[in-house]
Amino acid sequence: MKTAIADLRGRRLWDSRGRPTIEVEVRTCGGGRGRAIAPAGASTGSREAVDLRDEGAAFGGFGVRRVLYGIENEIAPLLRGRNAADQQAIDLLLKALDGTPEKRRLGANALVATSMAVARAAAATMGVPLWRHLAQGGTVPALPLPQIQIFGGGAHAGGRLDVQDFMVVAVGAPDFPTALDWTAEIYRRAGDLLAAEGRLRGVADEGGWWPAFDGNREALETLLRAIEAAGRIPGEEVAIALDIAASVLHSEGRYRLRRDGRELDGDAFRELLLEWLARFPIVSVEDPLAEDDPAGFAAFTAAAGPRIQVVADDLVVTDAGRIREAAAIGAANAVLVKPNQVGTLSEALAAVRAAREAGWNAIASARSGESEDVTILHLAVGWGLPQLKVGALARGERTAKWNEGLRLAEDLPGGGALPPPGSFPWGRS
Ligand code: 2PG
Ligand code: MG
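Just so it is clear, the structure is predicted and the values come from calculations on it, not from any experiment.

*Asks:* I'm lost on the sheet that holds strand S10 (residues 254-257) in this one. Help?
*Replies:* Sheet strands associate in pairs through backbone hydrogen bonding, adopting either a parallel or an antiparallel arrangement. Read across the open sheet, the 3 strands follow the order S9-S10-S11; overall the sheet is antiparallel. The sheet is open, and its two borders are formed by strand S9 (250-251) and strand S11 (262-265), each paired with just one other strand. In this sheet, S11 lies alongside S10 in antiparallel orientation, the contact comprising 4 bridges. Each residue of the ladder has a partner; that of Arg256, found in S11, is Glu263. This element, helix H7 (residues 266-279), spans S10 and S11 of the sheet and lies at about 110° to S11.

Take a look at the structure:
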């Protein structure tokens, strides 16, 4: 069997924050080779699968010796001879081998890199692009609408802004390349505005500008000005998406906005977000409340209305069961899909299916710690996920994904076409 796994090995590489990470390389009997690199979050949900590290003094505790040991001594012997084309069977074996619900024994970083490398090796052996190998019956492979970061804050910028991601979505762009063109101009204009006002401090972890704003509202106002300066019509051509990453701001029932000098309870915090929705052309809000406040999520989702996308990230951590629970109380209407939050591609796909059954949108997402690995883009295309979030149009680990999308635009049946407006809450009539 050509797709039988002949060899599997792990190696230590570096991620975009200069921390160690792991790459898994799989070779098949047919001579196909697949490699994949594990990403890592910073504003991680507390219920995410475990990103296993050595702790201790080396590399600030981020060493991956234990992870590599597990790959070499447990994962490789188990997977040798197995069929790389049977992703579901491989992922079930990985899950069983780890044996813990949180993947704490071998590490979700070991599992996700293995799962993705197996998919890549199978695709290479069969001579098809990864997106085609991942494609599922019933979904049309197409490029996703990008959510692109302009300002970085929260855990990705030393808390310099409370809100983590100030992003734009080119809701009126006719295709993927145009969405990037428009966003590049907004990114440039936003940088110019900051520089002119002496507020530019560099770039944050995901490539968005690291700004020295006095408050969160000022960031929204500057973003609006940047959209206009780029010649785009706010709300019609380009809208705003936020990731509040509210778990980071929350403790003991209070939300602390350091930049605004305010401390609010859940009700007042929701009111503040609703004020922003009324004032700015915002179409999507991720993690508006803390991960342990599903009722707050539900209240916000009801108040924000059906045309606003409310995205659950830390709340559901790409877990099908948690998505069903959250959907049952109307806690959100969309989910962020990050395979390393759960461990394997099959479990992430189960999360996508649970979201679809609930009528939720799905957004494929990279992590704040990334690499040149572009699997997430292929996964969005192959699984027919209508949106993708991978940070800014800057820093190589981010542009690697956007640029791969531009390459695929030349090959895909629909070219660079984006999902129709009716695929999104804001576009539904
Ligand atoms: C998020 C992600 C990506 P991190 O919160 O959505 O922006 O950040 O990878 O740090 O969890
Ligand atoms: Mg998030």
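Next comes the rest of the description.
*Asks:* Would you take a moment to explain the domain arrangement of the protein for this structure?
*Replies:* How big an interface is tends to be reported as the loss of accessible area on association of its parts. Partitioning the protein into structural domains gives domain 1 (5-128) and domain 2 (145-427). The straight-line distance from the C-alpha centre of domain 1 to that of domain 2 is 27 Å. Domain 1 puts 30 residues into the contact, and the matching count from domain 2 is 32 residues. It is Ser16, Ser43 and Arg47 in domain 1 that bury the most area against domain 2; as a group they hold 25% of the surface buried on that side. Applying the counting rule to domain 1 against domain 2 returns 3 salt bridges. The shortest N-O distance in the salt bridge between Arg17 and Asp205 comes to 2.7 Å. Mapped by element, the contributors of at least two residues to the side of domain 1 that touches domain 2 are strand S3 (33-37), helix H2 (87-98) and helix H3 (108-126).

*Asks:* Just checking my understanding: could you explain the nonpolar core for this structure?
*Replies:* Burial of nonpolar side chains together is a common tendency in soluble globular proteins. The biggest cluster of nonpolar side chains holds 130 residues, and the ones touching the most others in it are Phe151, Ile244, Phe269 and Trp276. Of all the elements, H3 adds the most residues to this core, at 11 residues. Counting the residues that make up this core, at least three belong to each of domain 1 (5-128) and domain 2 (145-427). Sequence-distant contacts of Phe269, that is, excluding residues within four places in its chain, are made with Ile244, Ala246, Leu249, Tyr255, Leu257, Leu264, Pro288 and Leu289.

*Asks:* How should I be thinking about the site of ligand 1 in this particular structure?
*Replies:* Surveying the vicinity of ligand 1 reveals 16 residues, the closest of which are Ala42, His156, Arg367, Ser368 and Lys389. In the model, an oxygen atom of ligand 1 is placed 3.1 Å from a nitrogen or oxygen of the Asp243 side chain. Contact between ligand 1 and Lys338: an oxygen atom at 3.2 Å from a side-chain N or O atom of the residue. Taking 310 Å² as the accessible area of ligand 1 by itself, protein coverage stands at 99%. Considering only residue class, the shell around ligand 1 consists of 3 nonpolar, 5 polar and 8 charged. Counting only domains with at least three residues in the shell around ligand 1, you end up with domain 1 (5-128) and domain 2 (145-427).

*Asks:* So what exactly am I meant to see when it comes to the coordination of the magnesium ion (ligand 2) here?
*Replies:* Think of it this way: four donors in a tetrahedron around the metal ideally sit 109.5 degrees apart, and six in an octahedron ideally sit 90 or 180 degrees apart. Protein ligation of the magnesium ion (ligand 2) involves Asp243 (OD), Glu286 (OE) and Asp313 (OD), the donor distances falling in the range 2.0 to 2.2 Å. Sequence spacing of the donor residues for the magnesium ion (ligand 2), all on one chain, is D-x42-E-x26-D. Of this pair, Glu286 sits in strand S12 (residues 282-286) while Asp313 sits in the loop between strand S13 (309-312) and helix H9 (320-328), and the two are 27 residues apart along the sequence. Take Glu286 and Asp313: they sit in the same class, and that class is buried.

Scoring rules and cut-offs
Residues numbered from 1 in each chain as written. Chains lettered and ligands numbered in written order. Predicted model: local features only at pLDDT ≥ 70, side-chain atom pairs only at ≥ 80, totals over all residues. Heavy atoms only, no water. Pairing = 2+ DSSP bridges. Helix = DSSP H or I, 4+ residues; strand = E, 2+ residues; numbered from the N terminus. Contact = heavy atoms within 4.5 Å. Axes fitted to C-alpha atoms, helices over the stretch in contact; angles between N-to-C directions. Domains from an automatic or database assignment. Buried area = accessible area lost by both parts, 1.4 Å probe. Salt bridge = Lys/Arg side-chain N within 4 Å of Asp/Glu carboxyl O. Core = buried A, V, L, I, M, F, W, Y, C linked by side-chain atoms within 4.5 Å. Buried < 20%, exposed > 50% of the residue type's maximum accessible area, 1.4 Å probe, protein only. Near = heavy atom within 4 Å. Polar contact = N/O pair within 3.5 Å; in protein donor to acceptor, adjacent residues only side chain to side chain. Areas by Shrake-Rupley, 256 points an atom, 1.4 Å probe, with all protein chains shown as cover. Nonpolar A, V, L, I, M, F, W, Y, C, P; charged D, E, K, R; others polar. Donors = N, O, S within 2.8 Å, 3.2 Å for Na, K, Ca; no water.

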